[in-house]
There are 2 protein chains.
Amino acid sequence: MPFSDAQNQSAVTTGPVFGSGKRYEPVPGRPGMSIPVRRVSLSNGEHFDLYDTSGPYTDDTAEIDVESGLAPMRTAWEHPEPIDGAATQLVWARAGIVTPEMAYIAAREGVGEELVRDEVARGRAVIPANHKHPESEPMIIGKAFAVKINANIGNSAVTSSISEEVEKMVWAARWGADTLMDLSTGKDIHTTREWILRNSPIPVGTVPIYQALEKVKGDPTALTWEIYRDTVIEQCEQGVDYMTVHAGVLLRYVPLTAKRVTGIVSRGGSIMAAWCLAHHTESFLYTHFVELCEIFRTYDVTFSLGDGLRPGSIADANDEAQFAELRTLGELTKIAKSHGVQVMIEGPGHVPMHKIVENVRLEEELCEEAPFYTLGPLATDIAPAYDHITSAIGAAMIAQAGTAMLCYVTPKEHLGLPNRDDVKTGVITYKIAAHAADLAKGHSRAQERDDALSRARFEFRWNDQFALSLDPDTARSFHDETLPAEPAKTAHFCSMCGPKFCSMRISADVRAYAEEHGLSSAEAIEAGMAHKSAEFARMGGSVYLPLLAKSESART
Amino acid sequence: MPFSDAQNQSAVTTGPVFGSGKRYEPVPGRPGMSIPVRRVSLSNGEHFDLYDTSGPYTDDTAEIDVESGLAPMRTAWEHPEPIDGAATQLVWARAGIVTPEMAYIAAREGVGEELVRDEVARGRAVIPANHKHPESEPMIIGKAFAVKINANIGNSAVTSSISEEVEKMVWAARWGADTLMDLSTGKDIHTTREWILRNSPIPVGTVPIYQALEKVKGDPTALTWEIYRDTVIEQCEQGVDYMTVHAGVLLRYVPLTAKRVTGIVSRGGSIMAAWCLAHHTESFLYTHFVELCEIFRTYDVTFSLGDGLRPGSIADANDEAQFAELRTLGELTKIAKSHGVQVMIEGPGHVPMHKIVENVRLEEELCEEAPFYTLGPLATDIAPAYDHITSAIGAAMIAQAGTAMLCYVTPKEHLGLPNRDDVKTGVITYKIAAHAADLAKGHSRAQERDDALSRARFEFRWNDQFALSLDPDTARSFHDETLPAEPAKTAHFCSMCGPKFCSMRISADVRAYAEEHGLSSAEAIEAGMAHKSAEFARMGGSVYLPLLAKSESART
């Protein structure tokens, strides 16, 4: 699969993230299996290990050759025998079997294997891992685990080349994307996807109706079940791990959108609505759903049941059309699971904050707690160019309420296709939303990172603060804009407050005083201070004068 | 007050925001009084009026001369007589008097004058309006009104000039800052503030302890009540509208911070903690609080009771130190109000999502619902360089819970001083958080803007979509990156999906079909479609083929 032209030969981004080194930690009881870890080595001699989605690209010792693709790691793993002809994580989990993927995931998430198996068996978590995508590093999507994020890439008829898309994939994974959707709609859909899959360490999702539509030259009325089915099989064979299927857009729901402010805003949903209306027939995705299940089961492809009628504006949130479709997705969830196929459910969209929780509650009720996978939601419509932010607000809240994976939104949403910078901004923004939700949910390891970073901040270990942050490069460059010199990396103040107004220094001084005087509790400190007031006052003149320097905040 | 050097002569930003024109709407029953409005004229002949904080700078017909300052608009207004020697909005409100400021605000907020008066009388809202800042356009901070945002500017010893700070003020107001804090700590504090005040159409706040500390050459132990008092009077005379006073940092609370991950992170709080420890004496801000009230009452300066012990990390959120101080702020609130002085309460900081609501609940309980004014809060510590986003999540949620004003956080938080671009990013991000909260609270006018923008989006009125957005310039430039030609501003697709995949076009087609056939309700549409299925199918081939084009989202 050579690239078609010289422009496509450009390399992808490699090398470790600032302050980090790649490690592989052995998985207990699984000889030869190890999980990737990003280790941040701190200047105080400690280290901090981070969940690592970046694949071999950040491994200094790895040889990267996009022409050859990544090593097919999972091929060597010993998988259980099929059960009643089905070889999916779901049927194995139900049979009480811990697969190699489950063991890998348990080590990666820092949880027990039994939790992983049980959540998959109950359909509350999915492991998107097509047998034909052995290059992928297993991961899990479910509310009992760390909240995940998905990055969308893909060219359109208007712009973008294959090599750009491969680099966007590597780049998204570098900054923490847990999964990737290739939403290409332009030329070379098949080839673009092939390059992405063979080089992707993270699961890849698609929306097969896009390619099917290309096959009928963009006329949705010309779509047929057969064309769609063949497209799905083609993509299953390539190794796509999960597919969005808008099988809940039923003919009778289409009129419910007529009075909306923004009608149907899902591409797939609108294509199917057009088909249903034109033929005045029920959607072939719905009528042929069982056949789809049989295909998916063969490869262990995961359904991502699409919300084709999701609201595209605040005015349309939580309306009849949206929830009617959700009820149908609930029916389809049961059918898919009865065929041993894993399922997650896509969610909105544009939803004001006070209507967010209802979405999760209904999804869990109607879809048997299948993992919820939402696009934002955007908490307001009025900020195009900042929709990564309008949606991060909604995303953090919906994840706190139980959403398992967040589909990122970039600054280009509503305006154009994301470039490489936009992809990074989208990923970092969504890592923030996901992590904020992990903190709020009390995820066992989440706060350790906040604490480590805050300790580094308090102790003026600037490089440690950068290295522990979601984006060390940008944090470092912002700091260097005003205080570029290397000694400033260890200075006990920053440009924000200057050397005389630093609250952290004063705090450190309070603590040093307490420790120096053996005051180990607040009460003891108070008592001690009363006795030693005169001494402290005498010290004060010399202690504080040089120490008064940097504040946490540009305020007060 | 000439600028001190040529560099300082640079002009400020003037001219209307893209797609908008300045208007002045007369205030009923107040001859000669009018409120500023930003009118967006839409391409469909409609218009949309926006609350306008930008002052005369966006008025094409205004003559701007920063050397002369703005016209002292409020000087000409007839104010009521003092009551028992007090001439504050609070005492007038309690006496049943609607002041000119209240009438102006009622027109601006689109509410009745009595609501404004009543909320001020109850202490649930404040109108920061020093008699000596007559250039300001009155505004209100309280949870019954639109959520407001504050922008911080100010130079430090390390960087920034006076003209830069004046431009930052004009720039912040242009993009929607409702109030401004000048947090300068470097040289020329007095002069910088004078330039800002004389040119500021929005209320200006300060933290007087910063200037007091400069007067004692940065040694907090050398501070005295007299030096502080004289600084406060100097700033009152200049026209500062509200002042942060960290009078709740008591000696006995300081030891509570010794075991924190990040100690004391407020500059003012740390200065007072150092003073208390060094002298082993209660804070002079606390012991002289009544005298402060008497000074503030003379000018109608509003207290912003500072949270000197706010948490600086997730680990320290909602701890004993923070809430001990909040209880003291509650006592001080009662004292200030008993002297006829307006009060608002500052809040955190760094707080994980699940601990946010408790902050509002406690503040309202302890401080008699005095307006809460919070800094974010940041929902996680791990994203320096993106703390406008980590904090927008917390800000939107805390405002939904009842916070009246949000202090912005810029991308430079923790790393350096914000430049002009950072100020804009901070303001737009916080307008998003405030607006998302207004929507969630059901604020009467909030959703109108979302609906107007979404209608423009759905109807491919690109320039209207830009003009109605929080940042038309950036939205437009993002769109133009991929489709720069002028005809693309009216094209029925964009670069995101290209001409064949546009869900909005399909939706428009569904609607057009319904309207053409006189189907006015969903039921009628469904019934009609059943009858007209054949006709629609015949149309379909020609209707959809050219129409299949742009999606709301880069996903599915």
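The shown structure was predicted, so the numbers you read here are calculated from the model rather than taken from an experiment.

## Concerning the sheet that holds strand β1 (residues 20-26) of chain A
Residues and elements named next belong to chain A.
Stage number 1. Read from one edge to the other, the open sheet built from 3 strands follows the order β1-β2-β3, with strand pairing classed as antiparallel. Edge positions in the sheet fall to β1 and β3 (47-51), since each of these pairs with one other strand and no more. Direction aside, the axes of adjacent strands within the sheet are offset by 40° on average.
Stage number 2. With respect to the sheet, helix α2 (residues 100-109) is in contact with β2 (34-41) and β3, its orientation differing from that of β2 by roughly 15°.

## Here's the deal with the UniProt feature "domain: ThiC-associated" (unreviewed entry) in chain A
Stage number 1. Here the UniProt-annotated "domain: ThiC-associated" (unreviewed entry) positions come out as residues 20-77 of chain A.
Stage number 2. Here residues 20-77 of chain A runs as 0% helix and 34% strand, with 29 Å between its end C-alpha atoms.

## Topic: the pairing of strand β3 (residues 47-51) of chain B
All names here are of chain B.
Stage number 1. Relative to β3, strand β2 (residues 34-41) is paired through 5 bridges, and the arrangement is antiparallel. Residue pairing across strands places arginine 39 opposite aspartate 49, the latter belonging to β3.
Stage number 2. Here β2 hands over to β3 after 5 residues, with glycine 45 in that stretch at a positive phi of 95°.

## Describing empty space enclosed by the protein
All names here are of chain B.
Stage number 1. The final tally for this structure, using the stated rule, is 18 cavities of 30 Å³ or more.
Stage number 2. Estimates place the volume of the largest cavity at around 90 Å³.
Stage number 3. With 5 residues, the top contributor of residues to the lining of the largest cavity is helix α11 (residues 320-338).
Stage number 4. Each residue belonging to the lining of the largest cavity can be placed in one class, and the counts come to 6 nonpolar, 3 polar and 4 charged.

## Observations concerning the sheet that holds β3(B)
Residue and element names in this part refer to chain B.
Stage number 1. With respect to topology, 3 strands assemble into an open sheet ordered β1-β2-β3, the strand pairing being antiparallel. What marks the edges here is a single partner per strand, and that holds for β1 (20-26) and β3. Averaged over all pairs of adjacent strands, the angle between strand axes in this sheet comes to 40°, irrespective of strand direction.
Stage number 2. As paired elements, β1 and β2 share 7 bridges and run antiparallel to each other. Directly across from glutamate 25, in β2, lies its bridge partner isoleucine 35.
Stage number 3. Where helix α2 (residues 100-109) meets the sheet, it contacts β2 and β3, and its direction lies at approximately 15° from that of β2.

## Points about the pattern of salt bridges
Here the idea is simple: oppositely charged side chains can pair when their charged atoms come close.
Residue and element names in this part refer to chain A.
Stage number 1. For the coordinates displayed, the defined rule picks out 62 salt bridges over all chains.
Stage number 2. Measuring nitrogen to oxygen at the nearest pair gives 2.6 Å for the salt bridge that ties aspartate 422 to lysine 412. Remark: lysine 412 occurs in the loop between β13 (405-407) and α14 (420-441) and aspartate 422 occurs in helix α14; sequence separation between them is 10 residues. In this structure, aspartate 422 and lysine 412 share a single accessibility class: buried.

## Regarding the packing of helix α5 (residues 189-199) of chain A against helix α6 (residues 208-215) of chain A
All names here are of chain A.
Stage number 1. Following both chains from N to C, one finds α5 and α6 inclined at 150°, their axes separated by 11 Å at the closest point. For the element pair α5 / α6, the angle class is roughly antiparallel. In this structure, α5 uses Ile189, His190 and Arg193 to contact α6, whose residues at the interface are Tyr210, Gln211 and Glu214.
Stage number 2. Across the contact of α5 with α6, the residue classes break down as 2 nonpolar, 2 polar and 2 charged.

## A few points about the UniProt feature "binding site: Zn(2+)" (unreviewed entry) in chain A
All names here are of chain A.
Stage number 1. Here, UniProt's "binding site: Zn(2+)" (unreviewed entry) annotation points to His350 and His414. Spanning 65 residues, the annotated positions come together in the fold, the maximum distance between their C-alpha atoms being 12.2 Å.
Stage number 2. Note that histidine 350 resides in the loop between β11 (343-347) and α12 (356-366).
Stage number 3. Here the side chain of histidine 350 touches aspartate 381 through a polar contact of 2.8 Å, side chain to side chain.
Stage number 4. Tracing the sequence through the fold places histidine 414 in the loop between β13 and α14.
Stage number 5. For histidine 414, a relative accessible area of 1% corresponds to the buried category.
Stage number 6. Engagement of the side chain of histidine 414 in a polar contact is seen with the side chain of histidine 350, the distance being 3.4 Å.

## Let's talk about the packing of aromatic side chains
Stage number 1. One pass over the full model with this rule turns up 18 aromatic pairs over all chains.
Stage number 2. Ring centres of Trp462(A) and Phe466(A) lie 6.3 Å apart, and the angle between their planes is 45°; this geometry places the pair in the tilted category. With Trp462(A) and Phe466(A) both in helix α16 (residues 462-468) and 4 residues apart, this pair spans about one turn of that helix.
Stage number 3. What links up through ring pairs into an aromatic cluster is the set Trp225(A), Tyr228(A), Trp275(A) and Phe284(A).
Stage number 4. Between Lys412(A) and the ring centre of Phe478(B), over which it is positioned, the NZ or CZ distance is 5.1 Å.
Stage number 5. For Arg420(B), the ring lying beneath its charged end belongs to Trp171(B), and the centroid distance is 3.5 Å.

## Regarding the side chain of Gln89(B)
Residue and element names in this part refer to chain B.
Stage number 1. Along the chain, the position of glutamine 89 falls in helix α1 (residues 89-94).
Stage number 2. Polar contacts involving the side chain of glutamine 89 include one to the side chain of threonine 99, which spans 2.7 Å.
Stage number 3. Residues contacting glutamine 89, with those up to four places away along its chain left out, are Thr99, Glu101, Met102, Val120, Ile127, Asp300 and Gln342.

## Some points on the state of the cysteines
Stage number 1. One pass over the structure, following the stated rule, counts 0 disulfides over all chains.
Stage number 2. Its sulfur unpaired, Cys293(A) is 12 Å from the next cysteine sulfur, which belongs to Cys236(A).
Stage number 3. Judged by its relative accessible area of 0%, Cys293(A) is buried.
Stage number 4. Cysteine Cys276(B) is unpaired, with the sulfur of Cys293(B) as its nearest cysteine sulfur at 18 Å.

## With respect to helix α13 (residues 387-400) of chain B
All names here are of chain B.
Stage number 1. When the terminal C-alpha atoms of α13 are compared, their 20 Å separation across 14 residues agrees well with the 20 Å that a helix rising 1.5 Å per residue should span.
Stage number 2. Of all 14 residues in α13, 13 are buried; the element is thus mostly enclosed.
Stage number 3. Of the residues one or two after α13, glycine 402 is the one with positive phi, at around 130°.

## Side note on the nonpolar core
Stage number 1. By size, the foremost hydrophobic cluster in this structure holds 264 residues, and its most contacted members are Tyr228(A), Phe303(A), Leu406(A), Tyr228(B), Phe303(B) and Leu406(B).
Stage number 2. Residues in contact with Phe303(A), not counting those within four places in the same chain, are Met243(A), Val245(A), Phe289(A), Leu292(A), Cys293(A), Phe296(A), Ala336(A), Val341(A), Gln342(A), Val343(A) and Met344(A).

## Examining the environment of Val341(B)
Residues and elements named next belong to chain B.
Stage number 1. Structurally, valine 341 is set in the loop between α11 and β11 (343-347).
Stage number 2. Through-space distance from the C-alpha of valine 341 to that of leucine 366 is 18 Å; in sequence the pair is 25 residues apart.
Stage number 3. Each residue touching valine 341, except ones within four places of it in the same chain, is listed here: Leu90, Cys293, Phe296, Arg297, Val301, Phe303 and Ala336.

## Comments concerning unusual backbone geometry
Stage number 1. Omega for the bond connecting Pro348(A) with Gly349(A) falls within 30 degrees of zero, at 10°, which places this linkage in the cis form.
Stage number 2. Among the structural elements, Gly349(A) can be located in the loop between β11 and α12.
Stage number 3. Between Gly376(B) and the following residue, Pro377(B), the backbone shows a cis peptide bond with an omega angle of 10°.
Stage number 4. Structurally, Pro377(B) is set in the loop between β12 (372-375) and α13.
Stage number 5. Unlike most non-glycine residues, Glu369(A) shows phi in positive territory, near 60°.
Stage number 6. Here Glu369(A) is to be found in the loop between α12 and β12 (372-375).

## Topic: the environment of Met73(A)
All names here are of chain A.
Stage number 1. Assignment of secondary structure puts methionine 73 in the loop between β3 and α1 (89-94).
Stage number 2. Judged by relative accessible area, which is 27%, methionine 73 ranks as partly exposed.
Stage number 3. Sequence spacing of methionine 73 and arginine 124 is 51 residues, and the spatial spacing of their C-alpha atoms is 26 Å.
Stage number 4. Ignoring anything within four residues of it in the chain, the contact list for methionine 73 reads Tyr104, Pro134, Glu135, Ser136, Glu137 and Pro138.

## Structural notes on the side chain of Lys22(B)
All names here are of chain B.
Stage number 1. By secondary structure assignment, the location of lysine 22 is in strand β1.
Stage number 2. A distance of 2.6 Å separates the side chain of lysine 22 from the backbone oxygen of glycine 55, its partner in a polar contact.
Stage number 3. Within the local environment of lysine 22, its side chain forms a polar contact with the side chain of threonine 58, the two groups lying 3.2 Å apart.

## Focus on the packing of helix α5 (residues 189-199) of chain B against helix α7 (residues 225-238) of chain B
Residues and elements named next belong to chain B.
Stage number 1. Where α5 meets α7, the closest approach of the two axes is 10 Å, and the angle between their N-to-C directions is 30°. Taken together, the axis directions place α5 and α7 in an arrangement best described as roughly parallel. In this structure, α5 meets α7 at a crossing whose hand is right-handed. Along its contact with α5, which presents His190, Arg193, Glu194, Leu197 and Arg198, the element α7 presents Glu234, Gln235 and Gln238.
Stage number 2. For the contact of α5 with α7, a count of residues per class yields 1 nonpolar, 3 polar and 4 charged.

Reading the values: the criteria
- Residues numbered from 1 in each chain as written.
- Chains lettered and ligands numbered in written order.
- Predicted model: local features only at pLDDT ≥ 70, side-chain atom pairs only at ≥ 80, totals over all residues.
- Heavy atoms only, no water.
- Pairing = 2+ DSSP bridges.
- Helix = DSSP H or I, 4+ residues; strand = E, 2+ residues; numbered from the N terminus.
- Axes fitted to C-alpha atoms, helices over the stretch in contact; angles between N-to-C directions.
- Contact = heavy atoms within 4.5 Å.
- UniProt positions renumbered as here; feature names shortened; annotations may be inferred.
- 1 Å grid on protein atoms, 1.4 Å probe; cavity = no way out; pocket = protein on both sides within 12 Å on 5 of 7 lines; lining within 4 Å.
- Points joined across faces, edges and corners; volume = space filled by probe spheres on them.
- Nonpolar A, V, L, I, M, F, W, Y, C, P; charged D, E, K, R; others polar.
- Salt bridge = Lys/Arg side-chain N within 4 Å of Asp/Glu carboxyl O.
- Buried < 20%, exposed > 50% of the residue type's maximum accessible area, 1.4 Å probe, protein only.
- Parallel < 35°, antiparallel > 145°, perpendicular 65-115°, else oblique.
- Polar contact = N/O pair within 3.5 Å; in protein donor to acceptor, adjacent residues only side chain to side chain.
- Phe/Tyr/Trp six-rings, centres within 6.5 Å; stacked < 30°, edge-to-face > 60°.
- Lys NZ or Arg CZ within 6 Å of the ring centre and 35° of its normal.
- Disulfide = S-S within 2.5 Å.
- Expected span 1.5 Å × (residues − 1).
- Core = buried A, V, L, I, M, F, W, Y, C linked by side-chain atoms within 4.5 Å.
- Left-handed = near helix turned anticlockwise from the far one by under 90°.

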